[in-house]
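Report on the structure
The chain contents come next:
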Amino acid sequence: MPYGGPGERQLMKIFLSSDMEGTAGIVDWEQCTGDGLPAVAGRRLLLAEVNAAIEGALAGGAREIVVNDSHSAMRNLPPQELAGQASYISGSHKPLYMMQGLDDSFGAVLFVSYHGSIGAPAGLSHTYSPRAVAEVRLNGVVTGEAGLNALAAAHYGVPVVLITGDRCACEETAALLPGIHTAVVKEPVSRLAAHSLHPTRACALIREVAEKAVATAGQAAPPPLGPRATLEVSVRTSDIAEAASWVRGVTRSGSRGLVIEGSDLLAVYRSFCSMILLTRTIAEAV
Ligand SMILES: [Zn+2]
């Protein structure tokens with residue numbers, strides 16, 4: 001890579017994990033999956049928000065940006081249109097899923113277009129797999145994808161300095177990661193309805209907050225999730241729980257309950273991701 005590798009922290013090397021459901025104007029699965037016209041339009045909205053975050057990060061001093069596309073088939077963005085000549089991690093499967101590519105050489109992590117956990121009353125809320133996962137608690141606190149992904153950032157000692165998305169996503173994450181900068185681009189109406197900022201205003205807000213977040217990243221601490229982390233996962237059926245318990249590090253705590261815990265935060269995160277991949281077929285069949 002052009003600017004520092006693993007083991008050598010570069011404050012201005014930025015890791016950006018992009019989801020999609022937290023984009024202003026997106027309220028329905030048709031807008032964020034498949035290749036229909038609504039999805040094509042949705043990807044343009046997402047691209048603009050990702051680029052706004054990149055431009056803000058560059059204004060805040062970033063020198064190199066790595067974008068990890070973390071949504072659905074994980075190839076939602078046109079590489080040539082990414083701002084800042086960002087490099088692009090896309091496609092599936094990826095062993096570290098929404099955090100693929102992160103290592104200890106990065107100075108900060110940005111989460112763009114994130115949504116709330118499955119129980120949140122807004123924004124296409126879900127936690128990795130809407131058909132499998134009913135709730136996840138991290139160290140006792142209900143969390144969504146941002147909190148789970150922060151385990152990987154904590155492992156590598158990299159602060160998560162920005163989250164953009166709907167209000168639920170931002171508030172849930174701020175509860176777990178105090179001091180994170182948030183850009184709320186949508187207010188909840190229900191899970192499939194929202195009041196969004198105009199995309200131009202959403203992008204302006206994201207750019208402004210990203211600049212501040214990256215400019216002050218040197219003072220930010222890595223996610224305070226250790227030294228041990230405990231994930232309590234409730235899944236929707238006992239079949240899903242049974243299959244999940246075949247994954248290393250995952251133990252069954254009840255008919256639909258699972259526990260993943262340990263002091264190796266990356267191992268905890270990897271066990272969770274493996275559980276999601278392994279149970280996908282069973283969850284789809286429910
Ligand atoms: Zn997601």
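Before any of the text, the structure's been laid out above.
Read on for an overview of the structure. This structure is a prediction, so every number in the text was calculated from the model and none was measured.

Before going further, it helps to spend a moment on the overall build of the chain. In terms of helices and strands, the chain carries six helices and twelve strands. Taken over C-alpha atoms, the radius of gyration comes to 18 Å for the chain, in line with the 19 Å a tight globule of 286 residues would show. Overall size of the chain, expressed as C-alpha extent along the three principal axes, is 50 × 45 × 30 Å. Per-residue burial for the chain yields a buried fraction of 54% across its 286 residues. Residue pairs at least 24 apart in sequence account for 69% of intrachain contacts in the chain once pairs closer than 6 positions are excluded. The averaged location of the 27 negative side-chain charges in the chain is 1 Å from the averaged location of its 22 positive side-chain charges.

With that out of the way, let us pick up the pattern of salt bridges. The final tally for this structure, using the stated rule, is seven salt bridges. With its nearest N and O atoms 3.1 Å apart, the salt bridge here joins Glu 135 to Arg 137. In this structure Glu 135 comes out as partly exposed when scored by relative accessible area, which is 28%. On the basis of relative accessibility, which here comes to 32%, the residue Arg 137 falls in the partly exposed class. It is possible to trace a salt-bridge network through shared partners that takes in Arg 167, Glu 171 and Glu 187.

This part covers the pairing of strand β4 (residues 108-114). Most of β4 sits inside the fold, with seven of its seven residues counted as buried. Note: strand β1 (residues 13-18) against β4, five bridges, orientation parallel. Paired with Ile 14 across the bridge in β4 is Ala 108. For β4 and strand β7 (residues 160-166), the ladder comprises four bridges, and the chain directions are parallel. Along β7, the bridge assignment pairs Leu 110 with Leu 162.

Moving on, we get to the sheet that holds strand β6 (residues 141-142). Taken in spatial order, the five strands make up an open sheet running β6-β5-β10-β12-β11, and their pairing is antiparallel. Every interior strand has two partners, whereas the edge strands, β6 and β11 (250-252), have only one. Both strand β10 (residues 229-235) and strand β12 (residues 257-262) contribute to a ladder of six bridges, which runs antiparallel. Pairing of Glu 232 across the sheet is with Val 259, part of β12. Each of β5 (133-138), β10, β11 and β12 touches helix α6 (residues 265-285); the most contacted strand, β12, lies at about 150 degrees to it.

Bringing the packing of helix α2 (residues 145-156) against α6 into the picture now. Running from amino to carboxyl end, α2 crosses α6 at an angle of 150 degrees, the nearest separation of the two axes being 8 Å. It follows from the interaxial angle that α2 and α6 lie roughly antiparallel. Note on packing geometry: the crossing formed by α2 with α6 is left-handed. Contacts from Leu 148, Asn 149, Leu 151, Ala 152, Ala 154, His 155 and Tyr 156 in α2 reach Leu 265, Leu 266, Val 268, Tyr 269 and Phe 272 in α6. Split into classes, the residues belonging to the contact of α2 with α6 amount to ten nonpolar, two polar and no charged.

What follows is about α6. For α6, with 21 residues, the first-to-last C-alpha span of 31 Å sits near the 30 Å given by 1.5 Å per residue. The largest bend in α6 comes to about 50 degrees, at Thr 279. Within α6, the full set of buried residues consists of Leu 265, Leu 266, Val 268, Tyr 269, Ser 271, Phe 272, Cys 273, Met 275, Ile 276, Thr 279 and Ala 283. Residues of α6 that are buried sit in contact with β5, α2, β10, α5 (238-244), β11 and β12. Two or three places before Leu 266, at the opening of α6, Asp 264 has a side-chain oxygen 3.2 Å from that residue's backbone nitrogen.

What counts as what
Residues numbered from 1 in each chain as written. Predicted model: local features only at pLDDT ≥ 70, side-chain atom pairs only at ≥ 80, totals over all residues. Heavy atoms only, no water. Helix = DSSP H or I, 4+ residues; strand = E, 2+ residues; numbered from the N terminus. Rg over C-alpha atoms; globule rule 2.2 N^0.38 Å. Buried < 20%, exposed > 50% of the residue type's maximum accessible area, 1.4 Å probe, protein only. Contact = heavy atoms within 4.5 Å. Lys, Arg positive; Asp, Glu negative; His and termini not counted. Charge placed at Lys NZ, Arg CZ, Asp CG, Glu CD. Salt bridge = Lys/Arg side-chain N within 4 Å of Asp/Glu carboxyl O. Pairing = 2+ DSSP bridges. Axes fitted to C-alpha atoms, helices over the stretch in contact; angles between N-to-C directions. Parallel < 35°, antiparallel > 145°, perpendicular 65-115°, else oblique. Left-handed = near helix turned anticlockwise from the far one by under 90°. Nonpolar A, V, L, I, M, F, W, Y, C, P; charged D, E, K, R; others polar. Expected span 1.5 Å × (residues − 1). Bend = angle between axes of the 7 residues up to and from the residue. Polar contact = N/O pair within 3.5 Å; in protein donor to acceptor, adjacent residues only side chain to side chain.

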